[in-house]
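Fold and geometry: a report
Single-letter residue listing:
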Amino acid sequence: MRTRLDHLVTAALQQGSAVPAFTCYDFTTALAVVGAAEDAGHGVILLVAPKTAGTSNGLRLIAALRGLADAASVPVAVQLDHATDLKVMADAIAAGADSVLADGSSLPYEDNIALVREARAVLGAGVVLEAELGGLAGDEDRAFGSEETGGDPAGVAVAGLTDSAQVEDFVARTGAQLLAVAVGNVHGKYKGEPQLRWDVLQDIAVRTHIPLVLHGASGIPAGELVKAAAMNVGKVNFNTELRTGVLSTLQEQLTAHRADGENLQGLLGHWNTSAREFATSALGMLTR
Ligand code: 13P
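Residues numbered from 1 in each chain as written. Predicted model: local features only at pLDDT ≥ 70, side-chain atom pairs only at ≥ 80, totals over all residues.

The secondary structure content of the chain amounts to 11 helices and eight strands. In summary, the chain has a C-alpha radius of gyration of 18 Å against a globular reference of 19 Å for 288 residues, a match within 12%. With 288 residues in all, the chain has 49% of them scored as buried. Within the chain, counting contacts between residues at least 6 apart in sequence, those at least 24 apart form 69% of the total. (Helix = DSSP H or I, 4+ residues; strand = E, 2+ residues; numbered from the N terminus. Rg over C-alpha atoms; globule rule 2.2 N^0.38 Å. Buried ≥ 20, exposed ≤ 12 C-beta atoms within 10 Å, placed from the backbone. Contact = placed C-beta atoms within 7 Å.)

Residue placement: Leu 286 occurs in helix α11 (residues 264–286). The buried category is assigned to Leu 286, around which 25 C-beta atoms lie within 10 Å. Between the alpha carbons of Leu 286 and Asn 232 there is a distance of 12 Å; along the sequence they are 54 residues apart. Every residue in contact with Leu 286, bar those within four places of it in the chain, is listed here: Ser 17, Ala 18, Pro 20, Leu 225 and Val 236.

On to the site of the ligand. The local shell around the ligand holds 15 residues, among which His 215, Ser 218, Asn 237, Asn 239 and Thr 240 are the closest. Sorting the residues of the shell around the ligand by element identifies β8 (233–238) and α10 (240–259) as the ones contributing at least two each. Residue classes in the shell around the ligand are distributed as three nonpolar, nine polar and three charged. (Near = placed C-beta within 6 Å. Nonpolar A, V, L, I, M, F, W, Y, C, P; charged D, E, K, R; others polar.)

Moving on, we get to the sheet that holds strand β7 (residues 212–214). One closed barrel accounts for eight strands, arranged β1-β2-β3-β4-β5-β6-β7-β8; its pairing is parallel. The sheet shows a mean angle of 30 degrees between the axes of neighbouring strands, direction not considered. As paired elements, strand β6 (residues 178–181) and β7 share three bridges and run parallel to each other. Across the sheet, residue Val 181 finds its bridge partner in β7, namely Leu 214. In the packing of α11 onto the sheet, the strands contacted are β1 (19–23) and β8, and the crossing angle to β1 comes to about 155 degrees. (Pairing = 2+ DSSP bridges. Axes fitted to C-alpha atoms, helices over the stretch in contact; angles between N-to-C directions.)

With that out of the way, let us pick up helix α8 (residues 198–205). Within the sequence span of α8, burial applies to Leu 201, Ile 204 and Ala 205. Buried residues in α8, looked at end-on, bunch into an arc of 100 degrees, giving them a common side. For α8, the secondary structure elements touched by its buried residues are α7 (167–174), β6 and β7. (Arc of directions from axis to C-beta.)

With that settled, the discussion passes to the pairing of strand β3 (residues 76–83). A large share of β3 lies buried, amounting to eight of its eight residues. Relative to β3, strand β2 (residues 44–48) is paired through five bridges, and the arrangement is parallel. Across the sheet, the residue bridging to Leu 46 is Val 78, located in β3. With three bridges joining them, β3 and strand β4 (residues 99–102) adopt parallel strand pairing. Its bridge partner lying in β4, Leu 80 is registered against Val 100. At this point the chain moves from β3, through helix α5 (residues 86–95), to the parallel β4, and the crossover so formed is right-handed. (Right-handed = clockwise from strand over helix to strand, strands pointing away.)

Okay, the packing of helix α2 (residues 27–40) against α11 next. Running from amino to carboxyl end, α2 crosses α11 at an angle of 45 degrees, the nearest separation of the two axes being 8 Å. Accordingly, the angle class assigned to the pair α2 and α11 is oblique. In the packing of α2 onto α11, the handedness of the crossing is right-handed. Where α2 abuts α11, its residues Thr 28, Thr 29, Leu 31, Ala 32, Val 33, Gly 35, Ala 36, Ala 37, Asp 39 and Ala 40 lie against Leu 268, Trp 271, Asn 272, Ala 275, Arg 276, Ala 279, Thr 280 and Leu 283. For the contact of α2 with α11, a count of residues per class yields 11 nonpolar, five polar and two charged. (Parallel < 35°, antiparallel > 145°, perpendicular 65-115°, else oblique. Left-handed = near helix turned anticlockwise from the far one by under 90°.)

Written as structure tokens, this is what we have:
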């Protein structure tokens, strides 16, 4: 069913839960995620990468996700993730997304604020805006970081941390409804064990009432993630771990399904099962 992302997250936090958000590059994964959420009886967020939304096929995917979200028996939000381009944001909203992460985290502080304000001006008051303060290392679409940063298969090292002293000013001036933070999290595979800075998160949490968002949740142990909601982290983003699981499953199953009459339908069934199991475990971990 249709929901507002901020309402979904706030309602979850009131129950001591966080809402998982999963990057969907395709409809098979989205069907699996929504199926898992319906089984669990909890809401979920479908994320669309900006590289996806920047294409005409990607906009058609967003329209399909909108239909899927509206027809679901649980609240489902569709968010454009990590967007910097105002046209991509406007196109994604026109196609059916209901919220945007206007991500100026790699920009100087004032430019980050300006981007979020421009997004608000272009998208209007009805669109829920997440903003990000403190840049995350890694590439949102690749496990080992971007080509520019070397793509080290050993993983991605943590970059900066959110400066908690900026939080009140940033939230007030951007009008963001959710705040993504950098507290030792990275996009993609972690170099070594993830070391979340709970002290920094705590310091951020006392400075704003808007829900916080933890990106780069793949690879963070369940025992850590369960603590997030108590610090007002109401949305937790997963991508890499979902892809790793699906790709391993496809690799395992490919030969047998080729031999079985080029059985793509059977292979897609395994894709669905892998993504659904991952979504089910994330929902179980984050919801009370
Ligand atoms: P991971 O790929 O590290 O799980 O991060 C996902 C994410 O934060 C999407 O915005």
